[in-house]
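# Fold and contact review
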Amino acid sequence: MTFVDGDDDTAAAPGRGQTVCVTGAGGYIGSWIVKLLLERGYTVRGTVRNPVPLFSVHAQEEMVEPAVRGTRHVIDAAAESGTVRRVVLTSSIGAVAMDPDRAPDAVVDESCWSDLEFCKKTKNWYCYGKTVAEQAAWEAAAARGVDLVVVHPVLVQGPALQPSVNASLMHVLKYLNGSAKTFANAVQAYVHVRDAADAHVRVFEAPAAKGRYLCADAVLHREDVVRILSKFFPEYPVPERCSDEVNPRKQLYKVSNQRLRDLGMEFTPAAQALYDTVICFQEKGILRVVPPSSPEKTNP
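Reading guide: rules and limits
- Residues numbered from 1 in each chain as written.
- Predicted model: local features only at pLDDT ≥ 70, side-chain atom pairs only at ≥ 80, totals over all residues.
- Heavy atoms only, no water.
- Axes fitted to C-alpha atoms, helices over the stretch in contact; angles between N-to-C directions.
- Helix = DSSP H or I, 4+ residues; strand = E, 2+ residues; numbered from the N terminus.
- Parallel < 35°, antiparallel > 145°, perpendicular 65-115°, else oblique.
- Left-handed = near helix turned anticlockwise from the far one by under 90°.
- Contact = heavy atoms within 4.5 Å.
- Expected span 1.5 Å × (residues − 1).
- Buried < 20%, exposed > 50% of the residue type's maximum accessible area, 1.4 Å probe, protein only.
- Salt bridge = Lys/Arg side-chain N within 4 Å of Asp/Glu carboxyl O.
- Core = buried A, V, L, I, M, F, W, Y, C linked by side-chain atoms within 4.5 Å.
- Phe/Tyr/Trp six-rings, centres within 6.5 Å; stacked < 30°, edge-to-face > 60°.
- Lys NZ or Arg CZ within 6 Å of the ring centre and 35° of its normal.
- Pairing = 2+ DSSP bridges.

Looking at an unreviewed UniProt entry, one finds the protein chain named NAD-dependent epimerase/dehydratase domain-containing protein, with Eleusine coracana subsp. coracana as its source organism.

Below you can see the structure in the form of structure tokens.
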């Protein structure tokens, strides 16, 4: 989540004379947002959370309530500062796409919301928390008169600026280090981390930006993911077998990124995001170095 705290001269060059606060500045997306803002001349103030694990077995209480409370606190702080021009909230595809009644050919776009009862029934507290936190943000922003815009990244891939491997990156690492012997019969949308950060900066800077913005390049089946990884990096033990050999192959769904494209976004191909993720692992010493193939030679 980002918000400006300073000069409101929108006619000035991007970043000049403006200060932006980035909460979660040490995180995967947050650190990239900081990088892009600094490159555009902004002064950045960042907040970070305690690195001690926040969650235990009380998933609903410990994941949902802090998310809602923290979101409201930021909206309140923005309203009370008197200098904040816009708040940009980082939500997730998890607040959008969890709907068991969606038709197979329906397009997931900004009008969609995850079904809270379905999230509770399936104990998907991450998606439940993201949904109720966003709802709380819209309610608080309306009550306090705060200009709120929300970005919904899908599964983010690409180089990490921080040294740790987060859950998003483990999604790929497990297919390369031998820990995953099979791949799931599942589909997911992907986006490059640089594009996820760029989306935040764009909706922050665009005066006409409002509402929700889905940030996604492409939807891939897990088999597509391991096939791309295998073509780029054939020396790694990428799994060749699906863990579900009974049910039909999960079908890809459609996701719209038109609202961000209307702001000038050009999305990095998902295959390039996967390639850049592995190169990052190699550079950090997380994976042994192997001669890579050129990403331009593979059509995912």
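After that view, the rundown keeps rolling.
Moving on to the packing of helix H1 (residues 28–39) against helix H6 (residues 193–205). For any two helices packed against each other, the geometry comes down to the angle between their axes and how far apart the axes lie. The N-to-C vectors of H1 and H6 enclose an angle of 60°; their axes lie 8 Å apart at closest approach. Considering their axes alone, H1 and H6 lie oblique with respect to each other. Taken as a pair, H1 and H6 cross one another with a handedness that is right-handed. Here Tyr28, Ile29, Trp32, Ile33, Leu36 and Leu37 of H1 come into contact with H6, specifically with Val193, Arg194, Ala196, Ala197, Asp198, His200 and Val201.

Another point: helix H4 (residues 125–144). In an α-helix, one turn spans 3.6 residues; hence positions three or four apart end up facing the same way. Over its 20 residues, H4 extends 28 Å from the first C-alpha to the last, a length consistent with the 28 Å expected when each residue adds 1.5 Å. By the burial criterion, the buried members of H4 are Trp125, Cys127, Tyr128, Gly129, Thr131, Val132, Ala133, Glu134, Ala136, Ala137, Ala140 and Ala141. Of the residues one or two after H4, Gly145 is the one with positive phi, at around 70°.

Attention now goes to the pattern of salt bridges. Evaluated as defined, the whole model comprises 12 salt bridges. Among the ionic pairs, Glu134 bridges to Arg212, the shortest N-O distance being 2.7 Å. A residue pair is termed long-range when its members are at least 10 positions apart, and Glu134 in helix H4 and Arg212 in strand E10 (residues 211–215) qualify at 78 residues. Judged on exposure class, the residue Glu134 and its partner Arg212 are both buried. When the shortest N-O distance is used, the salt bridge between Glu223 and Arg249 registers 2.6 Å. Residue Glu223 is found in helix H7 (residues 222–232), and its partner Arg249 is found in the loop between strand E12 (241–242) and strand E13 (254–255); the two are separated by 26 residues along the sequence. According to the relative accessible area criterion, Arg249 is partly exposed, its value standing at 37%. What emerges from the salt-bridge pattern is a single network uniting Glu223, Asp224, Arg227 and Arg249.

Glancing now at the nonpolar core. In terms of nonpolar packing, the biggest core is built from 70 residues, with Leu176 and Leu229 touching the most fellow members. It is helix H9 (residues 270–283) that provides the largest number of residues to this core, a total of 8 residues. Leu176 has contacts with Leu229, Tyr236, Pro237, Val238, Val278, Phe281 and Leu287, leaving out every residue within four places of it along the chain. Formed by 11 residues, the second largest nonpolar core is a distinct cluster that contains Ile75, Ala78, Val84 and Ala140.

Turning next to the packing of aromatic side chains. Two descriptors summarise a pair of aromatic rings, namely the distance from one centre to the other and the angle between the planes of the rings. This structure, assessed with the given rule, holds 6 aromatic pairs. Ring centres of Phe232 and Phe233 lie 6.2 Å apart, and the angle between their planes is 85°; this geometry places the pair in the edge-to-face category. Here Phe233 falls in the buried class, since its relative accessible area comes to 0%. A connected cluster of aromatic rings, assembled from ring pairs, spans Phe232, Phe233, Tyr236 and Tyr275. The ring of Phe204 has Arg85 lying over it, and the distance from NZ or CZ to the ring centre is 4.8 Å.

Okay, the sheet that holds strand E11 (residues 218–221) next. Read from one edge of the open sheet, 3 strands run E7-E9-E11, paired in mixed fashion. Lying at the two open borders of the sheet, with one neighbouring strand each, are strand E7 (155–157) and E11. For this sheet, the mean angle separating the axes of adjacent strands, direction not counted, is 45°. Sheet topology places strand E9 (residues 187–192) next to E11; 4 bridges connect them, and they run antiparallel. By the bridge assignment, Gln188 is partnered in E11 with Leu220. Sheet contacts for H7: E9 and E11; angle to E11, the most-contacted strand, approximately 90°.

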